[in-house]
Amino acid sequence: MDAPTLRDPALVEAAITAGKPVTSAEASAFVRRVARHCKGPFRPYTAARAKTLLQALTQRIAKATTAAAAAATAGDEAPADRERDAAAGDTAALALLRRVKPTGQDGGEIRTALLTAQLLAVASLADVVLRQHCGADFNETILANPLDGEDHEYTCPRCQLTGTYRAPSILLAGV
Ligand SMILES: [Zn+2]
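This one's a predicted model, so the numbers in the text were calculated from it and none came from an experiment. (Residues numbered from 1 in each chain as written. Predicted model: local features only at pLDDT ≥ 70, side-chain atom pairs only at ≥ 80, totals over all residues.)

It is not clear to me how the nonpolar core should be interpreted in this structure. Could you clarify?
Soluble globular proteins: nonpolar side chains tend toward being buried together. By size, the foremost hydrophobic cluster in this structure holds 14 residues, and its most contacted members are Leu53, Ala93, Ile110, Leu114, Val122, Ala126 and Leu130. Broken down by secondary-structure element, the contributors of at least two residues to this core are helix 3 (47-73), helix 4 (77-98), helix 5 (107-116) and helix 6 (120-130). For this core, the element with the highest residue contribution is helix 6, accounting for four residues. Alanine 126 has contacts with Leu53, Ile110, Arg111 and Leu114, leaving out every residue within four places of it along the chain. Among the nonpolar cores identified, the runner-up in size contains six residues, and Val12, Ile16, Leu147 and Ile170 belong to it. (Core = buried A, V, L, I, M, F, W, Y, C linked by C-beta atoms within 7 Å. Buried ≥ 20, exposed ≤ 12 C-beta atoms within 10 Å, placed from the backbone. Helix = DSSP H or I, 4+ residues; strand = E, 2+ residues; numbered from the N terminus. Contact = placed C-beta atoms within 7 Å.)

How should I be thinking about unusual backbone geometry in this particular structure?
Only a minority of non-glycine residues have a phi that is not negative, and only a minority of peptide bonds are not trans. You will see that glutamine 118, though not glycine, has its phi angle at about 65°, which is positive. Topologically, glutamine 118 is positioned in the loop between helix 5 and helix 6. Looking at glutamine 118, the number of C-beta atoms within 10 Å reads 11, which means it is exposed. The backbone of glutamine 160 shows a phi angle near 70°, a positive value even though the residue is not glycine.

Sorry, what's going on with the environment of leucine 120 here?
Inspection of the secondary structure puts leucine 120 in helix 6. It is 9.8 Å that separates the C-alpha atoms of leucine 120 and alanine 93, two residues lying 27 residues apart in sequence.

What am I meant to see in the domain arrangement of the protein chain here?
Quoted interface sizes are often the accessible area lost when the parts come together. Here the domain parsing of the protein chain yields domain 1 (9-40 + 135-166) and domain 2 (44-130). Just the C-alpha atoms count here: the centres of domain 1 and domain 2 sit 31 Å apart. (Domains from an automatic or database assignment.)

I would appreciate a short explanation of the environment of threonine 5 in the present structure.
Within the element layout of this structure, threonine 5 appears in the segment before helix 1 (9-17). The spatial distance from the C-alpha of threonine 5 to the C-alpha of valine 34 is 20 Å, given a sequence separation of 29 residues.

What should I look at first to understand the pairing of strand 4 (residues 162-166) in this one?
Each regular strand shows side chains that alternate between the opposite faces of the sheet. Of all five residues making up strand 4, only zero are buried, and the element is barely covered by its neighbours. Judged from the five bridges that link them, strand 3 (residues 151-155) and strand 4 form a sheet pairing that is antiparallel. When the sheet's bridge partners are listed, threonine 155 is paired in strand 4 with threonine 162. A loop of six residues connects strand 3 with strand 4, the two strands running antiparallel in sequence, and glutamine 160 in this loop sits at a positive phi of about 70°. (Pairing = 2+ DSSP bridges.)

Is there a simple way to explain helix 5 in this structure?
Because the α-helix completes a turn every 3.6 residues, residues three or four places apart line up on one side. Here helix 5 has its buried residues at Gly107, Ile110, Arg111 and Leu114. One face of helix 5 carries all of its buried residues, which in axial projection span an arc of 95°. On its buried face, helix 5 is in contact with strand 1 (44-45), helix 4, strand 2 (105-106) and helix 6. Glutamine 118, located one to two residues past helix 5, shows a positive phi value of around 65°. (Arc of directions from axis to C-beta.)

Pasting the structure below:
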């Protein structure tokens, strides 16, 4: 025998969904099918970062508005609606952010305010602009802990960010 034999990913997924045992190599391959990286801790919301975020939003709104007009002209109603919705969400976020004075508060507060207002697309933009990117492989953390479907606390080994995550529920053969 050389390398451990893995079953087809679809079979492994079906087994996991059915609560049937898989090997640890299969469980590892299953978890790693989705790349997960630590986003790192939030940095302070300074005037410079606020400017970057507002500029990125303004550009996104312009792009979506142009795309909506082009789609409408071409008679593509569904894409036109999608772009209009995106522009409307970003415009609401822009209005919200303009009311928040950047005083060096935790950038996580900005993201929370966007999430509370249901502006999920802008919350991920805030992740990009306001976090100190870490990039550690989060799958390593998942695989180092029990695959029991429970919530686990973690500390990122690279940036020391702490939080909780829900482990996948995977039964391991012979454990
Ligand atoms: Zn990290």
